[in-house]
Amino acid sequence: MKGRKLKYLVAGGIVLAALAGLVYSGMKESMVYFYTPSELKEKAEAARGRALRVGGMVVEGSVRWDPQNLWLSFALTDGQSTVPVRHKGTAPDLFRAGAGAVVEGTWAPEGYFRSSTIMAKHSEEYRVPKKPETLEAKKELFKSLMKEEKR
Amino acid sequence: MIATLGGFVLFLALGVTLYGAATSIAGARAGREDLLASSRNAILAHCCLVTLAIVLLEYALITSDFSLRYVVGNSTRGSLTRYKIAGLWGSLEGSILLWAWLQSVFAALVAARYHDRHQAYLPYVQAVLLGISAFFLTVMTFGANPFARIFPVPPDGRGLNPLLEVTDMLIHPLLLYLGYVGFSVPFAFAMASLITGRVSEEWLKITRRWTVVAWLFLTGGIFYGGWWSYRTLGWGGYWAWDPVENASFMPWLTGTAFIHSVMIQERKRMLKVWNLALITLTFSLVIFGTFLTRSGILGSVHAFAGGPVGALFLGFLAVILLVSLSLIAYRSDRLKGHGELDSIVSRESAFLLNNVVLVGICFTVFLGTVFPLLTEAIRGAKISVGSPYFNRVSVPLGLALLLLMGVGPLIAWGRASLSNLRRNFLKPLMGAAVGTAILWGAGVREAEALVALFFCCFVLGTILYEFVVATRTRAKTTGEGALLALGALLLRSRRRYGGLIVHLGVVVAVVGIAVSSVYKVEREQTLQPGERLRIGSYAIQFDGLEAAERPTHVLVWANLKAFKGDKLVADLMPGQRFYPNQQTPFASVDARYHWSEDLYLILSTFERNGSSATIKAMINPMISWIWVGGLVILLGVIVAVLPERRLALLGARAKAQAA
């Protein structure tokens, strides 16, 4: 009887240990520190080559898009420091200047943050727009792409 | 007007609910039938009142009554009526009202269905269900009032996020809520069994069907959410380990464990405490998930901002855990198991191991979801653990689960002899080896894919083997044809064969998940009109941009032709939708769906003069198998839960006609 109980205890222990090992190694491999631009400035050199996340506001007027080489560059700020970011590829839907964004990547020796993923933040708060925008305004933007209505 | 009336109705409903719970318990203790009758009326009244509250809020939404803050936030004059209706679950207050309503309907259903049965349990079941209802009504009365006013009354509302103005919004959230609320029924019976001390297998048998149906809704909601995300969110994926997804996944894992472990208790009278703990855990995780995602403490694409609601949910969670754990401790003397595990090589231990793995996955998902919160609270460092962690940890555990799915249903109870093992597993194993060799020959070289597909072949082999052997045996003994024998088998042991069909669905889905995640290809390129992007065996030609006005937005799209060799296989038009009052566009994905692979195209960005467009192309092989797997699971559950009597009747009628 005792021997059997021991057997189950041992089996349970092995399962638990395997689980713990899996969690530990998983965490260790994929844990990513989140920095603000100011924190990044302090710790950038120490963290070179390690995966990081940096979150801040996309600086107005800083967004550049090179369509041929698919480089997107912009700057993230927390009001005190500003980090230049380069990203290969396009940004997700909610990304825009003036809004929050989190980028994941590494600090490049050339002095910019090389992003592999952009996560756009978007506020669910209700704000009445200063000037309610109509569909016409959006239409005006893409007038050159509109075809004459065929009828 | 509606604001005052709505608030009053909710307050009244709260009063009736508390009264019903009190009379239920008092009636049961004193054995007074009049009090019990009164409590049943209270359940009905509380259901009617919450229904009235829902009708009022829907009326305000449909008629665009912008004196209500909630209506302003979740609808606009211009929306289609169905999206105005869906505004009800567009954010926090309304979704709590929806939850409270479903909860009240379930309570009424339970009271109506069992009005003449299980009288020992029922008063306490009703009290627990009413207690849960009371919690949601309290949240609305004191924290998140859906009938709050706004002043000045704005001319128009903000409306739902355009991402949500799709038909899926009418289905996915409802499925999830039905699943969440559904688990409250077995939970209530579990509590009632503890309170009354009738802790035998009775409560499991009563709630079996409720549990499986709740599980089906939750599973359906999760699959549907993935499908929705894949088709419309424009990132080509279906699961991101987002906290809200995890919040629905965790109760699914423990609920799945529960469905399996009750079978051991029914058969062997073991694991009584474990089953009670599992259903408590499942319901607690439902509440915890809601706390996590609705209190705004975690960043998530699904999250709603919240206020005191978070604290209320946390308090409720504490009450659930405290009460149920004390009850289990109080009844511990009656909860001693009768059976013992005879051998490690047995069905019991396969099921037990399945439970350990499922709860283990749940635990790792839980850790990954709350770890960032903990480290921030304790060390002040912000840390995130993203998809890599979840994938790393859940893939090996998921594979173990897959293997057990093949072993569990066929291995003998008690102690499996070597001959039993050989008889049941030799052929499936050989089949899996042959299948994997064929895949190797077809060019599958990646270790992850090979292991996953080997396990899939093995499970598939065991399921087919079981069906074939059982059909053949029956056909031989009864002299029926093979098809008739199979049908009779499905009818006779629907739970077993329904379960096997569910497993088949899981295998199909796992094949889709494994192949699509290992073999997906992605390319992004900027094209000028006439240029082509090459991906896999496709060439995608860009034929210019176009724009047009739609009722609610302006759509800009790229005209693309997909060629395979010289053959045109599809005209695809991925685009971007520009909504008024939204500063960024929303993707409008286009794809060629096919059973073998999806060609998935996204218009990433473009020049406004039409001179170029950046196209992201993906090939997602066999991803549609995931959705097909979901449908097979649905089929299996339907086979498993269809009412016995009705089927027997149908069978008898068919036999009479044949004779």
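Analysis parameters
- Residues numbered from 1 in each chain as written.
- Chains lettered and ligands numbered in written order.
- Predicted model: local features only at pLDDT ≥ 70, side-chain atom pairs only at ≥ 80, totals over all residues.
- Helix = DSSP H or I, 4+ residues; strand = E, 2+ residues; numbered from the N terminus.
- Buried ≥ 20, exposed ≤ 12 C-beta atoms within 10 Å, placed from the backbone.
- Contact = placed C-beta atoms within 7 Å.
- Nonpolar A, V, L, I, M, F, W, Y, C, P; charged D, E, K, R; others polar.
- Pairing = 2+ DSSP bridges.
- Axes fitted to C-alpha atoms, helices over the stretch in contact; angles between N-to-C directions.
- Core = buried A, V, L, I, M, F, W, Y, C linked by C-beta atoms within 7 Å.
- Domains from an automatic or database assignment.
- Parallel < 35°, antiparallel > 145°, perpendicular 65-115°, else oblique.
- Left-handed = near helix turned anticlockwise from the far one by under 90°.
- pLDDT = per-residue confidence, 0-100.
- Expected span 1.5 Å × (residues − 1).

## Re the overall build of chain B
Across its full length, chain B carries 20 helices and eleven strands. Principal-axis analysis of the C-alpha atoms gives chain B an extent of 80 × 75 × 65 Å. The buried share of chain B, taken over its 659 residues, is 51%. Look at the contacts in chain B between residues 6 or more apart in sequence, and 71% of them connect residues 24 or more apart.

## Things to note about the overall build of chain A
Scanning chain A for helices and strands turns up three helices and seven strands. Counting contacts in chain A only where the partners sit at least 6 residues apart, residues at least 24 apart contribute 45% of the total.

## Observations concerning the interface of chain B and chain A
Taken together, the 48 residues of chain B in the interface contact 41 residues of chain A. Residue composition of the side of chain B that touches chain A, by class: 24 nonpolar, 16 polar and eight charged. Sheet topology note: the strand β1 (residues 31–35) of chain A/strand β1 (residues 382–385) of chain B ladder contains four bridges and is antiparallel. Note that in β1 of chain B the partner of M31 of chain A across the bridge is V385 of chain B.

## Considerations on the sheet that holds strand β2 (residues 521–527) of chain B
In sheet architecture, strand pairing relies on hydrogen bonds along the backbone and comes in two forms, parallel and antiparallel. All names here are of chain B. In space, the four strands of this open sheet follow the order β2-β11-β10-β9, with antiparallel pairing throughout. Of all strands in the sheet, those with a lone pairing partner are β2 and β9 (590–592), marking the two edges. Ignoring strand direction, the axes of neighbouring strands in this sheet form an average angle of 20°. Relative to strand β11 (residues 613–621), strand β10 (residues 597–606) runs antiparallel, the two being bridged by nine bridges. Counted as the bridge partner of D598 is N620 from β11.

## Focus: the pairing of strand β6 (residues 100–108) of chain A
Residue and element names in this part refer to chain A. Pairing between strand β2 (residues 52–58) and β6: six bridges, direction antiparallel. From the neighbouring strand, L52 faces β6, where its bridge partner is G105. In terms of strand pairing, β6 meets strand β7 (residues 112–120) through eight bridges, oriented antiparallel. Across the sheet, residue G105 finds its bridge partner in β7, namely S115. The loop that links β6 with its antiparallel partner β7 comprises three residues; one of these, G111, has a positive phi angle of about 90°.

## Overview of the nonpolar core
Residue and element names in this part refer to chain B. Among the nonpolar cores identified, the biggest contains 178 residues, and A53, V125, A192, C456, V510 and V511 are the most heavily contacted of them. When residues of this core are assigned to domains, at least three fall in each of domain 1 (1–166) and domain 2 (417–519 + 626–642). The contacts of A192, once residues within four sequence positions are left out, are Y121, Y124, V125, V128 and W203. Residues V554, A591, A613 and M618 belong to the second largest nonpolar core, which totals 34 residues.

## Let's talk about unusual backbone geometry
All names here are of chain B. With an omega dihedral of 0°, the bond running from F151 to P152 counts as a cis peptide bond. Looking at where P152 falls in the secondary structure, it is placed in the loop between α6 (122–142) and α7 (172–182). In this structure, L271 is a non-glycine residue whose phi angle is positive, near 60°. Structurally, L271 can be placed in the loop between α10 (243–268) and α11 (272–294).

## Notes on the domain arrangement of chain A
Each assigned domain of chain A is listed here: domain 1 (1–31) and domain 2 (32–120). If you average the C-alpha positions of domain 1 of chain A and of domain 2 of chain A, the two centres end up 40 Å apart.

## Brief notes about the environment of T477 of chain B
In this structure, T477 of chain B sits in helix α16 (residues 447–478). Exposure remark for T477 of chain B: the 9 C-beta atoms within 10 Å place this residue in the exposed category.

## What about the packing of α6 of chain B against helix α8 (residues 184–196) of chain B?
All names here are of chain B. Two numbers describe how α6 lies on α8: the axes approach to 8 Å, and their chain directions differ by 130°. In terms of their interaxial angle, α6 and α8 are classed as oblique. In the crossing of α6 with α8, the sense of the turn from one axis to the other is right-handed. Every residue of α8 that contacts α6 at Y124, V125, V128, L129 and I132 is listed here: S184, A188, F189, M191, A192, I195 and T196.

## Some points on the environment of L76 of chain A
Summarising the element assignment, L76 of chain A is placed in strand β4 (residues 71–77). With 14 residues separating them in the primary sequence, L76 of chain A and S62 of chain A have C-alpha atoms 8.8 Å apart.

## Regarding the environment of G15 of chain B
Residues and elements named next belong to chain B. Within the secondary structure layout, G15 lies in helix α1 (residues 2–30). Taking the C-beta count within 10 Å as the criterion, G15 has 16 such neighbours and is therefore assigned partly exposed. Separated by 355 residues in sequence, G15 and V370 place their C-alpha atoms 36 Å apart.

## A few points about the domain arrangement of chain B
Annotation of chain B at the domain level lists domain 1 (1–166), domain 2 (417–519 + 626–642) and domain 3 (521–622). Relative placement of domain 1 of chain B and domain 2 of chain B: their C-alpha centres are 43 Å apart.

## Structural notes on the pairing of strand β3 (residues 532–535) of chain B
Residues and elements named next belong to chain B. Side chains L533 and I535 project from β3 onto a buried face, and the interleaved R532 and R534 project onto a face without burial. Sheet topology note: the β3/strand β4 (residues 538–549) ladder contains four bridges and is antiparallel. Across the sheet, R534 pairs through a bridge with A539, a residue of β4.

## Description of the confidence of the model for chain A
All names here are of chain A. Overall, the predicted model of chain A reaches an average pLDDT of 80, with 86% of residues at or above 70. Mean pLDDT values for the elements of chain A range from 79 in helix α3 (residues 135–141) up to 93 in strand β5 (residues 82–88). Segment residues 123–130 is flagged for pLDDT under 50; beyond a separation of four residues in sequence, or across chains, it makes eight contacts in the model.

## So, the packing of α7 of chain B against helix α9 (residues 202–232) of chain B
Residues and elements named next belong to chain B. In contact at an axis separation of 7 Å, α7 and α9 are set at 150° when each is read in the N-to-C sense. Compared by their axis directions, α7 and α9 come out roughly antiparallel. Note on packing geometry: the crossing formed by α7 with α9 is left-handed. Residues H172, L175, L176, L178, G179 and G182 of α7 form the contact with α9, whose own contacting residues are W210, V213, A214, F217, L218, G220, G221, Y224, G225 and W228. Partitioned by chemical class, the residues of the contact of α7 with α9 number ten nonpolar, six polar and no charged.

## Brief notes about the confidence of the model for chain B
Per-residue pLDDT for chain B has a mean of 89; in total, 95% of the residues score no lower than 70. Both scores are available for the predicted complex, with the pTM at 0.91 and the ipTM at 0.82.

## Examining helix α18 (residues 494–519) of chain B
Helix length check: α18 of chain B (26 residues) gives 37 Å between terminal C-alpha atoms against 38 Å at 1.5 Å per residue, within 8%. Most of α18 of chain B sits inside the fold, with 21 of its 26 residues counted as buried.

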